Amino acid sequence: MRVGLGIDTHQLIPGKSIRLGGVDIPSKKTIKAHSDGDIIYHACADSIYGAAGLGDIGEHFPDDDSKNKGLDSENIIAHSIQSILKLGFRINNLDITILLESPKISQYKQDMRKNLAKLLLVDVSSVNIKASTSESLGFIGRGEGIACYSIVSLIS
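Calculation criteria
- Residues numbered from 1 in each chain as written.
- Predicted model: local features only at pLDDT ≥ 70, side-chain atom pairs only at ≥ 80, totals over all residues.
- Heavy atoms only, no water.
- Patch = residues over 30% accessible without salt bridge, like charges linked within 9 Å, V, L, I, M, F, W, Y side chains within 5 Å.
- Areas by Shrake-Rupley, 256 points an atom, 1.4 Å probe, with all protein chains shown as cover.
- Salt bridge = Lys/Arg side-chain N within 4 Å of Asp/Glu carboxyl O.
- Helix = DSSP H or I, 4+ residues; strand = E, 2+ residues; numbered from the N terminus.
- 1 Å grid on protein atoms, 1.4 Å probe; cavity = no way out; pocket = protein on both sides within 12 Å on 5 of 7 lines; lining within 4 Å.
- Points joined across faces, edges and corners; volume = space filled by probe spheres on them.
- Nonpolar A, V, L, I, M, F, W, Y, C, P; charged D, E, K, R; others polar.
- Buried < 20%, exposed > 50% of the residue type's maximum accessible area, 1.4 Å probe, protein only.
- Pairing = 2+ DSSP bridges.
- Right-handed = clockwise from strand over helix to strand, strands pointing away.

Undergrad: I keep staring at a nonpolar patch on the surface and nothing clicks. Help me out?
TA: Together, Met 1, Val 3, Leu 5, Ile 7, Tyr 149 and Ile 151 make up a nonpolar patch on the protein surface, roughly 610 Å² of accessible area in all. Going through the elements one at a time, β1 (2-14) and β7 (145-155) are the ones with two or more residues in the nonpolar patch. Among the elements that take part in the nonpolar patch, β1 stands out by supplying three residues, more than any other. If you trace the backbone, Val 3 turns up in strand β1.

Right, here's the structure in full:
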């Protein structure tokens, strides 16, 4: 078994929705990013790459490469999964924590879990998503940014 940790943080700017786990959530802000900004998928991919010793998302999808501009982050997850399958690994389980003041995401978590499970080739019971605020502290608490932590275990 191997374990990997992934972390992604982005600035929030005025907008109409936030994409998290493949779900567009209505919001007065959006994620500023080179790709589609889905930080759940980014943190997840980083945790997978890390667990397999395959570097990080920036090595596979550099933000200074124009072909990655506006990239659908499902492609990033798909690449991470194909990479570990070639090494003889598969996902055992994944746990995600999102730090965000608003919008509240509880009604969207099940859809996010289903999207991740499909991409990760696992049962939805192997994917967990939690959310927390920063109690109005720091850049997250002021609504200036969002962060996501992902931990994954791989088995062969």
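Here the narrative resumes, following the displayed structure.
Undergrad: Can you walk me through the layout of surface pockets in this structure?
TA: A water-sized probe, rolled over the atoms, reveals where empty space remains. Taken as a whole, the largest pocket spans an internal volume of roughly 250 Å³. Along the wall of the largest pocket there are 14 residues; nearest its centre are Ser 35, His 42, Ile 57, Phe 61 and Asp 63. For the lining of the largest pocket, the secondary-structure elements that each account for two or more residues are β1, α1 (39-52) and α2 (57-60). Partitioned by chemical class, the residues of the lining of the largest pocket number five nonpolar, six polar and three charged.

Undergrad: Can you walk me through the pattern of salt bridges in this structure?
TA: Between side chains of opposite charge, a pair can form as their charged atoms come close. Here the structure, examined in full by the defined rule, presents three salt bridges. The partner of Lys 130 in a salt bridge is Asp 95, with the nearest N and O atoms 2.6 Å apart. Here Asp 95 lies in strand β5 (residues 90-99) and Lys 130 lies in strand β6 (residues 127-132), a separation of 35 residues in the sequence. Residue Arg 142 is joined to Glu 144 by a salt bridge in which the shortest nitrogen-to-oxygen separation is 2.9 Å. The exposure class of Arg 142 is exposed, given its relative accessible area of 52%. Glu 144 gets classed as partly exposed once you look at its relative accessible area, which sits at 37%.

Undergrad: Help me understand the pairing of β6, please; the structure alone is not making it clear to me.
TA: Note on strand geometry: in a regular strand, side chains alternate between the two faces of the sheet. Two elements, β5 and β6, share six bridges in a ladder whose sense is parallel. Pairing of Leu 99 across the sheet is with Ser 132, part of β6. Traced from β5 through helix α4 (residues 109-120) to β6, the parallel crossover comes out right-handed.

This is a description of form; function is not addressed.
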